[in-house]
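Report on the structure
What follows is each chain in one-letter form.
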Amino acid sequence: MFEQPAREQLHREIFWKVQYVFDPEDPTAAFAYTIGLADRGLPELHLAAAPEQDPSDSPWILSSDDCAHQLNRFASLLVDGAFAIGEPVSCTYDGGASTVIWTPGEPVPRDQVEAYRADSRAHIMPIRGRLHLPDVVPLADLPAGTIPLWRSEQAAILATVVPNRRGLRGFRAPRADAPFACEQEFGPLTPIVEARAHAISQATPIMLTDLLWRTMDAEHTGGGPRVILGTTSTLARLVGRDEAARNASRLALTLVKSFRGPNADEPMWRAIQNTCGMDDIGNVCNGLSGILVDQLAAILVASTVADQLDDSTRLAAFGPWSSAHTSSSMAPEEAWWAPEHILDTVRMQLDDADWDELDHLIAAWLELRTTPLAARLRGLAVTGRRGCPPASELLAGSFIGVRASFVADVEFYLTEFLCCATALLGERASFNAHDVHAFCDPFWEVLPELEFALNSPIAEQAA
């Protein structure tokens, strides 16, 4: 099997664990530390989730996933001898809007810090952080020259809405001439927020179920809705739209309460629970309701600062909805498709497949699609330029493309497989050879060249 050494050397043995400790009464007191570095003669690492920062009503705090990611990065540097006492490391967050300067301190005995699960003989290296934010810009109207662009965006969002007689009432579409003025409930981009809220209010149970699945898939990538909320809330604060962002979060909660009903017994919500196979018990911010609240808040808060988003944040924020608002397959809209040479590489693997080979492929995918690897790949496919068109479009003219256009299940499952394949190829450097083999092995009888294609340099494929 051909392997690219440059890709494989990105992976190392992770022999340590990360313990995260959260105080529900004081989120700023959360912290995390490693367990296991001491087994190799190294100090354990200890990091406060809230770096030093100016007082604020909404303090900047790393999530549990962020803490784990940051400590894993620092531990890797420590193992490589590149993490030295007193030498600061600068890290950016929130799409570049936030910077934290982390400085490793002198290791101290374990009893001098809170790291109770670490070896009692271990020394602990405290890592102190200082948050640096750009100056806050006062709330202002959008530049007049950008208004036509946002009117087009508003029209494009509303053009995707299919009227649903069972949809929610009270979430009206904004007028075509709605003003883009800053002194509105959701800031200068209020018509965009209202257009997205209206589109969501008309969602069917299938669309909302798909959105929930895509949200849970995105969580496997480390870039789920709470990460988006952290980034977009920071951006909102920097441009004076923090109140607009809070209002958008409240709107997301109102939408979910309306879908759910006061006792989580609305027919639509029962249908969603049955399809997802998950119960929704307790507070609206927990369980299945909580997942949807987080996702809708991520979409709507991102909409309040859509003019401030970088490309990666925009794709991650709106991708799950792009995939879910059509129910025939998980294929996102064109903005989320992988580059053409990646689509071509995957397309070539299936162009000559026959009826029996397609049946074998679908049967194998039904087994693989329930794995964490498949969930991560689906999440990647809808949160960046890593997805693909529906199978009937990508494989148009081939036998299985024609079959997909007539058989709904083939279209659905084959598109899901294709999106995962393009995501794996597009993010190949994030996966090791074992991951690639685990993905390809179930299909080796019908797609014998798939593993080689996924392990081949993309530059050669693009040439």
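Summary of the structure given here. Throughout this document, residue positions are counted from 1 along each chain, in the order its sequence is written. Note on the predicted model: pLDDT of at least 70 is required for a residue's local features to be given, and 80 or more for side-chain atom pairs to be given and counted; whole-chain, interface and lining totals, by contrast, use all residues. The side-chain figures draw on all heavy atoms in the structure; neither hydrogens nor water molecules are used.

1. Quick word on the overall build of the protein chain
- Check the secondary structure of the protein chain and you find 19 helices and 7 strands.
- When we talk radius of gyration, it's over C-alpha atoms, and the globule rule is simply 2.2 Å times the number of residues to the 0.38. The C-alpha atoms of the protein chain give 24 Å as radius of gyration, which agrees with the globular expectation for 463 residues (23 Å, within 12%).
- With the C-alpha coordinates aligned to their principal axes, the bounding extent of the protein chain is approximately 65 × 60 × 45 Å.
- Every accessible area reported is derived by Shrake-Rupley at a probe size of 1.4 Å, with residue values counting cover from the shown protein chains alone. Surface summary for the protein chain: the accessible area is close to 21400 Å², and the carbon and sulfur share equals 53%. To qualify as a helix, a DSSP run of H or I must reach at least 4 residues; to qualify as a strand, a run of E must reach at least 2; elements of each kind are numbered from the N terminus.

2. Quick look at the side chain of T383
- If you trace the backbone, T383 turns up in the loop between α13 (372–381) and α14 (391–394).
- For each residue, the accessible area found with a 1.4 Å probe, counting protein chains only, is set against the maximum for its type, and the residue is called buried under 20%, exposed over 50%, and partly exposed in between. On the basis of relative accessible area, T383 is assigned to the buried category, the value being 8%.
- Side-chain polar atoms of T383 contact the backbone oxygen of G379, separated by 2.7 Å.
- Beyond its immediate sequence surroundings of up to four residues, T383 is in contact with A218, S312, L315, A316 and W336. Here a polar contact is recorded for every N or O atom pair within 3.5 Å, except that within protein the pair must consist of a potential hydrogen donor and a potential acceptor, and residues adjacent in sequence are included only if both atoms are side-chain atoms. Note on contacts: a residue pair qualifies if any of its non-hydrogen atoms lie within 4.5 Å across the two residues.

3. Concerning the nonpolar core
- By convention a nonpolar core is built from buried Ala, Val, Leu, Ile, Met, Phe, Trp, Tyr and Cys residues, the set being connected through side-chain atoms within 4.5 Å. In this structure, L255, F259, L296 and L300 are the most contacted members of the largest nonpolar core, which totals 62 residues.
- For this core, the secondary structure elements donating two or more residues are α3 (147–159), α4 (190–201), α5 (205–219), α6 (225–238), α7 (242–260), α8 (267–276), α9 (287–304) and α10 (311–324).
- Looking at this core element by element, the count peaks at 10 residues for α9.
- What L300 contacts, discounting residues up to four positions off in sequence, is V193, R196, A197, I200, A248, L251, A252 and L255.
- In this structure, L350, L368, A404 and C420 belong to the second largest nonpolar core, which totals 44 residues.

4. Brief notes about the packing of α5 against α10
- With their axes 8 Å apart at the nearest point, α5 and α10 run at an angle of 140 degrees to one another. Our classification of the angle between α5 and α10 gives oblique. Handedness of the α5/α10 crossing: right-handed. Across the interface between the two elements, M207, D210, L211 and R214 from α5 touch P320, W321, S323 and A324 from α10. Only C-alpha atoms enter the line fits that serve as axes; for helices the fit covers just the stretch in contact. Angles between N-to-C directions range over 0 to 180 degrees. Reported orientations rely on four angle classes, namely roughly parallel under 35 degrees, roughly antiparallel over 145, roughly perpendicular from 65 to 115, and oblique for the rest. The hand of a helix crossing depends on one turn: near helix anticlockwise from the far one by less than a right angle means left-handed, and clockwise means right-handed.

5. Digging into the packing of aromatic side chains
- Stacked, tilted and edge-to-face pairs are distinguished by plane angle, under 30 degrees for stacked and over 60 for edge-to-face with tilted covering the rest, among Phe, Tyr and Trp rings (Trp via its six-membered ring) whose centres lie within 6.5 Å. All told, the structure shown has 12 aromatic pairs when counted by the stated rule.
- Ring geometry for W60 versus Y93: centroids 5.1 Å apart, planes at 65 degrees, classification edge-to-face. With W60 in the loop between β3 (44–48) and α2 (64–79) and Y93 in strand β4 (residues 89–93), the pair connects residues that are 33 residues apart, well separated along the chain. Per residue, the accessibility class of W60 equals that of Y93, and both read buried.
- Ring plane angle 70 degrees and centroid distance 6.3 Å describe the contact between F74 and W102, whose orientation is recorded as edge-to-face. With F74 in helix α2 and W102 in strand β5 (residues 98–104), the pair connects residues that are 28 residues apart, well separated along the chain. Comparing F74 with W102, the two get one shared label, buried.
- As a reminder, the over-ring test applies to NZ of lysine and CZ of arginine, requiring each to be within 6 Å of the ring centre and within 35 degrees of the ring normal. Positioned over the ring face of F15 is R40, at 3.9 Å from the centre of the ring.

6. Here's the deal with a nonpolar patch on the surface
- Candidate patch residues must exceed 30% relative accessible area and have no salt bridge, after which like charges are joined if within 9 Å and Val, Leu, Ile, Met, Phe, Trp or Tyr side chains if within 5 Å. Salt bridge criterion: a side-chain nitrogen from Lys or Arg within 4 Å of a carboxyl oxygen from Asp or Glu. Residues V402, F406 and V407 make up a contiguous nonpolar surface patch of about 300 Å² in total accessible area.
- One can find F406 in helix α15 (residues 399–406).
- For F406, a relative accessible area of 69% corresponds to the exposed category.

7. Remarks on the pattern of salt bridges
- For the coordinates displayed, the defined rule picks out 18 salt bridges.
- R241 serves as the salt-bridge partner of D307, at 2.8 Å between the closest nitrogen and oxygen. Here D307 is found in the loop between α9 and α10, whereas its partner R241 is found in the loop between α6 and α7, with 66 residues between them in sequence.
- With a relative accessible area of 28%, D307 lands in the partly exposed category.
- Since its relative accessible area comes to 5%, R241 is described here as buried.

8. Focus on the environment of G167
- By secondary structure assignment, the location of G167 is in the loop between α3 and α4.
- G167 sits 38 residues away from P205 along the chain, and the two C-alpha atoms are 9.7 Å apart.
- Excluding its chain neighbours within four sequence positions, the residues that come into contact with G167 are S201 and Q202.

9. Side note on the pairing of β5
- What you see with β5 is a clean split: S98, V100, W102 and P104 sit on the buried side and T99, I101 and T103 on the side with no burial.
- A pair of strands is treated as paired once DSSP finds two or more bridges between them. Of the pairings in the sheet, the one linking β4 to β5 comprises 5 bridges and is antiparallel in character. If you follow V89 over to β5, its bridge partner there is W102.
- Hairpin geometry of β4 and β5 is characterised by an intervening segment of 4 residues between the two adjacent antiparallel strands and by a positive phi of about 55 degrees at D94.
- Relative to strand β7 (residues 123–132), β5 runs antiparallel, the two sharing 6 bridges. The residue of β7 that forms the bridge with T99 is H132.

10. A few points about the pairing of β3
- Summarising burial for β3: 4 of the 5 residues are buried, a large majority.
- Direction of pairing for strand β2 (residues 31–35) relative to β3: antiparallel, over a ladder of 3 bridges. Across the sheet, F31 pairs through a bridge with A48, a residue of β3.
- Bridge count for β3 against β7 is 4 bridges, and the pairing is parallel. Residue pairing across strands places L47 opposite I127, the latter belonging to β7.

11. A word on helix α16 (residues 408–426)
- Between the first and last residue of a helix there are one fewer steps than residues, each counted as 1.5 Å, and that sum is the expected span. Relative to the 27 Å expected for 19 residues at 1.5 Å per residue, α16 spans 27 Å between its end C-alpha atoms, a close match to the ideal helical length.
- The buried count for α16 comes to 14 of 19 residues, which makes it a mostly enclosed element.

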